[in-house]
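Listed below, chain by chain, are the residues.
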Amino acid sequence: MFWQRYIASLIIGVTIALGSMLPAKADSLHTAHTDIDIYSDNNHELIAAITPHQGWHIYWQNPGDIGQPTTITPKAGNIQIINQSTPKKHIAYEIMREYFYDDTAYYKLYIPQMNETVLTFKFTECRDVCRPRKLNYDLADLQTTSAEQWHKIEQQAELTFPKKIKIYSPMSENLVVLKGFAADTLDFVPATAHLLTEDSLLITPKGKKWLISWQTEDPNKRLTQALFWADEKAYLADIIYTGGHTTPLLYILLLAFLGGIILNAMPCVFPILSLKIFTLLQTAQKKGRWRRALSYTAGVLGSFLLLTAFLVILKKQGEAIGWGFQLQSPWFVGAMAIIFILLFLFMMEWIRFPNFANNFTHRAAGLNDFTTGFFAVLIASPCTGPFMGAAVGYAFMQSNAEIFAVFTALAFGYALPYALIELYPQTLSRLLPKPGAWMHKVKILLSIPVLLTALWLLWVLATQLHTDFKQSTKTDLQWQPYDVLQIENLTANGENIFIDFTAKWCLTCQFNDKFMLQSEAFKHFIQKHKVHLFKADLTEDNDIYNSALSSYGRDGIPVYIYYHDGKYEILPVFFTIAQLEKVAN
């Protein structure tokens, strides 16, 4: 009958509609008691969801006193586990600890060679009995995951992940101090099984700090990652080993101050210099030089401290983030591009601000100098100059008070040269003719770097939005994406390695890429010494690359690392081939 067919059609339609709302599986593997579903972001990331059947469980990478670890390994190439679900804790028979999953365990993976390897899943599924399992999956057969499906599964996985943080240990000791964890209880578990000697782990509360020490069975192996619970809130900590001696804070502050001064000469600051000079041309002959110098310095200091406050907050939340992070945001880059386009149009006198804006500017004493200093920092912050890299890298390994102290010294160094010119304008007056029609022509000339800055920001934005715009290069050197496992293997064999930490929003990086890394001299050096080239592109936020950068004690780019005979050296920001040859020999 018609109504029966109508109801049947309606039921089928609702079923299809509800089914389409569920995140379809990209691909699946099965045993009798475990299911594995694999999803891809269609780039270099995978999420593997391993689900034991009801009543069964599998183990974490450190199973504890019993069980076998769950591992995911490639047949060729390398993978890195970005994060994985927090396991459950259990004490069996009141004496044996175990860490396992009896619900879906999510593994977020980074795989450089997505279609060129086979993943092997090894785990032990347990109930009353335990059964070792091994499943292989060829990534060349991986089905496409839609953006919507990937977003849903990623959100589900993130809810189960521990918060990732970085903690630091002196190179000469197996010791960490956890600060800011005012917890009643703390449980600290190495991510690698059987790494520590029995009963060597010592956890001591000291107010809002926890002192944790241990000994390893093999003195040549270090604990590099651990999971800990502070009042049942889980954290996955990467342990970074720092130099065995304490660097005097006064020395670091001096490095930061000098680095701030030199930062004015970095390529990414050149466009800002045009705005500074234009301001000086208007004000060098006027009174109020102390007010203008202090206003500019306040703008620089305010901008530095605001960005530092954001960094401290993100660092406390466990983010692996470095100086210049704001240009990893398309929203920030887009806003800055609009501002520079408006500045260019204003300097060309193609637009004029409304009268109320001009009146406000005139009433607000020193506003122009303050905003010049404020925006100068926002654009200049991605640069890392001599001395600055070491100071910034040191700062992020210390307390919040020391971070603010270092960046305050950096701010005063950056503000000093321009503030001195404001205080002693007669020096500039001797070099420039008297005000006249020439100033209008100079203003037009100085607008060109502003336009170039706007175009550069639009280029960065286009890259971040995944357009088809690609940077052209004339070199035929073979660069590989940064791969920590491959680098470790090459280092163990004594191979020569060059690592470039770069980003399209870093003008110093682009300057060096054009005039050094694409030069014939550099190409000859690489071929002569058979150097393996790796590039870590931080144009977009990347936890793996950020962590790698921190492991070298740096939080700003560019950074160039050269490995020779198993040891590495951090090269100067503006290195020469002669310096490379010296390191290589």
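Residues numbered from 1 in each chain as written. Predicted model: local features only at pLDDT ≥ 70, side-chain atom pairs only at ≥ 80, totals over all residues. Heavy atoms only, no water.

*Asks:* Looking at this structure, I do not really get the pairing of strand β3 (residues 45-52). What am I missing?
*Replies:* Put simply, side chains in a regular strand alternate between the two faces of the sheet. In terms of burial, β3 is a largely internal element, six of the eight residues being buried. Relative to β3, strand β2 (residues 34-40) runs antiparallel, the two being bridged by seven bridges. From the neighbouring strand, Thr34 faces β3, where its bridge partner is Pro52. Turn length for the β2-β3 hairpin, with the two strands adjacent in sequence and antiparallel, is four residues, and the turn residue Asn42 shows positive phi of about 60 degrees. As judged from the six bridges shared by β3 and strand β9 (residues 105-110), these two strands associate in the antiparallel manner. Pairing of Leu46 across the sheet is with Leu109, part of β9. (Buried < 20%, exposed > 50% of the residue type's maximum accessible area, 1.4 Å probe, protein only. Helix = DSSP H or I, 4+ residues; strand = E, 2+ residues; numbered from the N terminus. Pairing = 2+ DSSP bridges.)

*Asks:* How do you make sense of the confidence of the model for the chain when you look at a structure like this?
*Replies:* The predicted coordinates should not be examined in detail at positions where pLDDT is low. The predicted model of the chain has a mean per-residue pLDDT of 77, with 76% of residues at 70 or higher. Taking the mean pLDDT of every element in the chain, the minimum, 42, falls on helix α1 (residues 2-21) and the maximum, 94, on strand β20 (residues 497-502). Throughout residues 356-366 the model reports pLDDT below 50, and contacts reaching past four residues in sequence, or to other chains, amount to six contacts. (pLDDT = per-residue confidence, 0-100. Contact = heavy atoms within 4.5 Å.)

*Asks:* Help me understand a negative patch on the surface, please; the structure alone is not making it clear to me.
*Replies:* The grouping of Asp65, Glu198, Asp199 and Glu217 at the surface amounts to a negative patch. Topologically, Asp65 is positioned in the loop between β4 (58-64) and β5 (71-74). (Patch = residues over 30% accessible without salt bridge, like charges linked within 9 Å, V, L, I, M, F, W, Y side chains within 5 Å. Areas by Shrake-Rupley, 256 points an atom, 1.4 Å probe, with all protein chains shown as cover. Salt bridge = Lys/Arg side-chain N within 4 Å of Asp/Glu carboxyl O. Lys, Arg positive; Asp, Glu negative; His and termini not counted. Charge placed at Lys NZ, Arg CZ, Asp CG, Glu CD.)

*Asks:* Is there a simple way to think about the state of the cysteines in this case?
*Replies:* What is meant by a disulfide is a covalent connection between two cysteines, made through their sulfur atoms. For the structure on display, the rule yields one disulfide. Each sulfur of the disulfide joining Cys126 and Cys130 lies 2.1 Å from the other. Given an S-S torsion of about 120 degrees, the disulfide between Cys126 and Cys130 has right-handed geometry. A relative accessible area of 47% means that Cys130 is categorised as partly exposed. (Disulfide = S-S within 2.5 Å.)

*Asks:* Is there a simple way to think about helix α13 (residues 484-492) in this case?
*Replies:* Every α-helical turn comprises 3.6 residues, leaving residues that sit three or four positions apart pointing alike. Every buried residue belonging to α13 is among Ile487, Leu490 and Thr491, and all of these are buried. Viewed along the axis of α13, the buried residues span an arc of 100 degrees, placing them on a single side of the element. Capping of α13 at its N-terminal end is provided by Asp483; its side-chain oxygen lies 3.2 Å from the backbone amide nitrogen of Leu485. Looking at the residues trailing α13, positive phi occurs at Gly494, about 75 degrees. (Arc of directions from axis to C-beta. Polar contact = N/O pair within 3.5 Å; in protein donor to acceptor, adjacent residues only side chain to side chain.)

*Asks:* Help me understand the sheet that holds strand β13 (residues 175-179) in this model?
*Replies:* Adjacent strands of a sheet form backbone hydrogen bonds with each other and so pair up, either parallel or antiparallel. A sheet is described by the order of its strands in space; here three strands give the open sequence β13-β16-β15, paired in antiparallel fashion. Looking at strand neighbours, the two that pair on one side only are β13 and β15 (202-206), the edges of this open sheet. Neighbour-to-neighbour, the strand axes of this sheet turn through a mean angle of 20 degrees, independent of strand direction. Relative to strand β16 (residues 209-213), β13 is paired through five bridges, and the arrangement is antiparallel. Of the residues in β16, the one forming a bridge with Leu178 is Trp210. (Axes fitted to C-alpha atoms, helices over the stretch in contact; angles between N-to-C directions.)

*Asks:* Would you take a moment to explain the packing of helix α3 (residues 249-263) against helix α10 (residues 400-423) for this structure?
*Replies:* One way to put it is that α3 packs onto α10 with a least axis distance of 7 Å and a crossing angle of 35 degrees. Regarding α3 and α10, the two cross each other, and that crossing is right-handed. In this structure, α3 contributes Leu249, Ile252, Leu253, Ala256, Phe257, Gly259, Gly260, Ile261 and Leu263 to the contact, and α10 contributes Glu402, Ala405, Val406, Ala409, Leu410, Phe412, Gly413, Tyr414, Leu416 and Pro417. Each residue belonging to the contact of α3 with α10 can be placed in one class, and the counts come to 15 nonpolar, three polar and one charged. (Left-handed = near helix turned anticlockwise from the far one by under 90°. Nonpolar A, V, L, I, M, F, W, Y, C, P; charged D, E, K, R; others polar.)

*Asks:* I keep staring at the packing of helix α15 (residues 520-529) against helix α17 (residues 577-584) and nothing clicks. Help me out?
*Replies:* Helix packing for two helices is described by the angle between their axes and how far apart those axes are. Remark: α15 packs on α17, axes separated minimally by 10 Å, with the N-to-C direction vectors making an angle of 15 degrees. Taken together, the axes of α15 and α17 lie roughly parallel to each other. Two packed elements cross with a definite hand, and for α15 against α17 that hand is right-handed. Only Ile577, Leu580, Glu581 and Ala584 of α17 make contact with α15, whose side of the interface consists of Ala521, Phe522, Phe525, Lys528 and His529. (Parallel < 35°, antiparallel > 145°, perpendicular 65-115°, else oblique.)

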